[in-house]
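Descriptive structure summary
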Amino acid sequence: MPLSAQTRREKQKAELRSELVDAAHKLVQQEGYDGLTIRKLAKRVGYAPMSVYSYFADKQDILFALAEDAFKTLAKRIEDHPADDPIEALQVVMTEYAAFGLGNPNEYRTIFMTEKVKPPEGRTFAEMQEGNPLMKVLIDRVEACVAAGKLNGDPRAIATMLCAVGHGTISLLITFPFYPFGDQQAFVKRMCDFTLAALATQDVPPLTETPVNC
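Residue positions within a chain follow its written sequence, with the count starting from 1. Local features in a predicted model are, by the rule used here, given only for residues with pLDDT of at least 70; side-chain atom pairs are given and counted only at 80 or more, and totals for whole chains, interfaces and linings are based on all residues. Only heavy atoms go into the side-chain values, all of them from the structure, while hydrogens and water stay out.

Quick look at the nonpolar core
- By size, the foremost hydrophobic cluster in this structure holds 58 residues, and its most contacted members are Leu36, Ile62, Leu66, Leu90, Phe112, Leu138 and Leu162.
- Of all elements in the fold, only α1 (5-31), α2 (38-45), α4 (59-79), α5 (86-103), α6 (105-112), α8 (133-147), α9 (155-175) and α10 (184-199) reach the threshold of two or more residues within this core.
- Secondary structure elements follow DSSP: runs of H or I no shorter than four residues count as helices, runs of E no shorter than two count as strands, and numbering proceeds from the N terminus. The element that contributes the greatest number of residues to this core is α4, accounting for ten residues.
- The contact definition used throughout considers only heavy atoms, calling two residues in contact when any of these lie within 4.5 Å. Beyond its immediate chain neighbours, meaning those up to four positions away, Leu162 contacts Leu90, Leu138, Val142, Thr195, Leu196 and Leu199. Definition of nonpolar core: a set of buried residues of the types Ala, Val, Leu, Ile, Met, Phe, Trp, Tyr and Cys, connected through side-chain atoms within 4.5 Å. Using a 1.4 Å probe on the protein chains alone, a residue whose accessible area is under 20% of its type maximum counts as buried, one over 50% counts as exposed, and one in between counts as partly exposed.

Things to note about the side chain of Gln60
- Within the secondary structure, Gln60 is located in helix α4.
- The exposure class assigned to Gln60 is buried, which follows from its relative accessible area of 13%.
- Those residues in contact with Gln60 that lie beyond four places of it in its chain are Glu115, Lys116, Val117 and Lys118.

Notes on the UniProt feature "domain: HTH tetR-type" (unreviewed entry) in the protein
- UniProt positions are given in the numbering used here, feature names are shortened, and annotations may be inferred rather than shown by experiment. Mapped onto this numbering, the UniProt entry gives "domain: HTH tetR-type" (unreviewed entry) at residues 14-74.
- Along residues 14-74, the helical share is 75% and the strand share 0%, with 21 Å between the first and last C-alpha atoms.

Details of the UniProt feature "DNA-binding region" (unreviewed entry) in the protein
- In the UniProt entry, the feature "DNA-binding region" (unreviewed entry) is given for residues 37-56.
- In residues 37-56, helix accounts for 60% and strand for 0%; the two terminal C-alpha atoms are 12 Å from one another.

Notes on the packing of aromatic side chains
- For this analysis, a ring pair means two rings from Phe, Tyr or Trp (six-membered ring only for Trp) whose centres lie within 6.5 Å, classed as stacked if their planes differ by under 30 degrees, edge-to-face if by over 60, and tilted for the remaining angles. Counting across every chain of the model gives seven aromatic pairs.
- Between the aromatic rings of Phe100 and Phe112, the centroid separation amounts to 6.2 Å while the plane-to-plane angle is 75°, which identifies the pairing as edge-to-face. Residue Phe100 is found in helix α5, and its partner Phe112 is found in helix α6; the two are separated by twelve residues along the sequence.
- By relative accessible area, which is 19% here, Phe112 ends up buried.
- Measuring from ring centre to ring centre gives 4.7 Å for Tyr108 and Phe112, while their planes differ by 25°; the resulting arrangement is stacked. Here the residue Tyr108 and the residue Phe112 both occupy positions in helix α6, the gap between them amounting to four residues, near one helical turn. Pair check on accessibility: Tyr108 and Phe112 agree, each one buried.
- Aromatic rings pair up to connect Phe71, Tyr97, Phe100, Tyr108 and Phe112 into one cluster.
- Throughout this description, the term charge over a ring refers to an Arg CZ or Lys NZ atom that lies within 6 Å of the ring centre and within 35 degrees of the ring normal. The aromatic ring of Tyr33 is capped on one face by Lys59, whose charged end is 3.7 Å from the ring centroid.

Here's the deal with the packing of α4 against α6
- One can describe the packing of α4 onto α6 by two numbers: an axis separation of 9 Å at closest approach and a directional angle of 115°. Two packed elements cross with a definite hand, and for α4 against α6 that hand is left-handed. Between α4, through Leu63, Leu66, Ala67, Ala70, Phe71 and Leu74, and α6, the contact on the second element is made entirely by Thr110, Ile111 and Phe112.
- Asp, Glu, Lys and Arg are counted as charged, while Ala, Val, Leu, Ile, Met, Phe, Trp, Tyr, Cys and Pro are counted as nonpolar; the rest, among them Gly, fall into the polar class. In terms of residue class, the contact of α4 with α6 is made up of eight nonpolar, one polar and no charged. Here an axis means a line fitted to C-alpha atoms, over the contact stretch when the element is a helix, while the angle between two N-to-C directions is reported on a 0 to 180 degree scale. When the near helix sits turned anticlockwise from the far one by under a right angle, the crossing is termed left-handed; a clockwise turn instead gives a right-handed crossing.

Considering the packing of α5 against α10
- The geometry of α5 relative to α10 is characterised by a closest axis approach of 10 Å and an angle of 140° between their N-to-C directions. Between α5 and α10 lies a crossing of right-handed hand. Mapping the contact onto sequence places Ile87, Leu90, Gln91, Met94, Ala98, Ala99 and Leu102 in α5 and Gln184, Gln185, Val188, Cys192, Asp193 and Leu196 in α10.
- Of the residues contributing to the contact of α5 with α10, the split by class is nine nonpolar, three polar and one charged.

Here it is, written out as structure tokens:
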């Protein structure tokens, strides 16, 4: 059945937005946060700058699009590496997260170390958090550890604590490259093992008194 004119327009718009996001990834990887401008992005895809504003209101909107795309990519990479042991499956999350950050330091700084002051128009931070595929796969793997008796407590709280340790570790390795951490991947594994061992001795309570849907 042939596509309607409206469906074709929507398809073309989605394809162009995807092209802009891909171009923004490359721009950030090569030039970092400061290199990401509407003008440079438009030039890279061969469109007028005003055309980009049809898809993104400002640079902040582009940052959110980059983040969401990175979350999807990371979640897919993690899901492609299952493990029978729930703790090993959880360690894969840290391994893939570290590989992304250490392999793409400019992009990591831009996505994970840039303040997000407002959500995209028509959305809330809570909605974006609930739909985050990376957080979902992390919580799923934490829940498997809790079900197996490997960890105890609130899955979202445990997942958030692991995120904090992972982010802090990668941020330090990127920001202070001359500090004697030793082998970067070995340091990441050491931090992961240390954190999981510490969490295994705790019954981790929820972060807030108000329940949060996982």
